[in-house]
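Residue strings, one per chain:
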Amino acid sequence: MPNTDCLFCKIVADDIPAIRVAEDERTLAFMDINPWTRGHALVIPKTHATDLYTIDPDDLSACALTAQRLAERARDNLGAQGVNLLNSCGSAAWQTVFHFHLHVIPRYLGDPLTVPITAQPGDIAEITAAAQELRA
Ligand code: AMP
Ligand code: ZN
């Protein structure tokens, strides 16, 4: 069911405008209005789901396939040299719109995006402990 308070459900319903770039039975892709790079698009399921935890698995697969198609178009039509896919699940992970979406971010050599942390070698005991919890 559409969520009447949801911005992206309103885009699906055409109640608010979006610059659409791809559509199929399950998914819609449109341009992000605050692009990180040229061609930055969002892929969403047409059926409302808040986030990665709750999206229907078939919708998740369909979103991944649409993202792959857009990545190919970014490479072939925009001349992107790479692509980042990003999903933010939860406020702690920077999610600001609570309708699942995949960011498809074309990357260009020398573009201004940088990784927001400096990776450091981790403590092996702690990495192993986390792995044990993830396996449980
Ligand atoms: P996130 O912060 O991962 O939840 O991503 C939400 C994204 O939606 C941001 O990158 C916004 O720029 C984008 N956004 C918000 N409103 C709109 C809109 N009306 N049309 C297109 N993109 C939007
Ligand atoms: Zn929604």
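None of the values given here were measured: they were computed from a predicted structure.

1. Describing the pairing of strand β1 (residues 20–23)
Line of reasoning, step 1. Bridge analysis of β1 against strand β2 (residues 27–31) gives three bridges, and the strand direction is antiparallel. Note that in β2 the partner of Arg20 across the bridge is Phe30.
Line of reasoning, step 2. Between the end of β1 and the start of β2, which pair antiparallel, lie three residues.

2. Some points on the site of ligand 1
Line of reasoning, step 1. Neighbouring ligand 1 are 16 residues, the closest being Asp32, Asn34, Thr96, His101 and His103.
Line of reasoning, step 2. One of the backbone N or O atoms of Trp94 is found 3.2 Å from an oxygen atom in ligand 1.
Line of reasoning, step 3. Isolated, ligand 1 exposes 500 Å² of accessible area, and the fraction of that covered by the protein chains is 85%.
Line of reasoning, step 4. Secondary structure elements with two or more residues in the shell around ligand 1: α1 (7–12) and β2.
Line of reasoning, step 5. Per-element tally for the shell around ligand 1: the top contributor is α1, with three residues.
Line of reasoning, step 6. Residues belonging to the shell around ligand 1 are distributed by class as follows: nine nonpolar, six polar and one charged.

3. Considerations on the side chain of His40
Line of reasoning, step 1. By the secondary structure assignment, His40 is in the loop between β2 and β3 (41–45).
Line of reasoning, step 2. On the basis of relative accessibility, which here comes to 1%, the residue His40 falls in the buried class.
Line of reasoning, step 3. A distance of 2.9 Å separates polar atoms of two side chains, one belonging to His40 and the other to His103.
Line of reasoning, step 4. Residues in contact with His40, not counting those within four places in the same chain, are Met31, Asp32, Asn34, Pro35, His103, Val104, Ile105 and Pro106.

Conventions we followed
Residues numbered from 1 in each chain as written. Chains lettered and ligands numbered in written order. Predicted model: local features only at pLDDT ≥ 70, side-chain atom pairs only at ≥ 80, totals over all residues. Heavy atoms only, no water. Pairing = 2+ DSSP bridges. Helix = DSSP H or I, 4+ residues; strand = E, 2+ residues; numbered from the N terminus. Near = heavy atom within 4 Å. Polar contact = N/O pair within 3.5 Å; in protein donor to acceptor, adjacent residues only side chain to side chain. Areas by Shrake-Rupley, 256 points an atom, 1.4 Å probe, with all protein chains shown as cover. Nonpolar A, V, L, I, M, F, W, Y, C, P; charged D, E, K, R; others polar. Buried < 20%, exposed > 50% of the residue type's maximum accessible area, 1.4 Å probe, protein only. Contact = heavy atoms within 4.5 Å.

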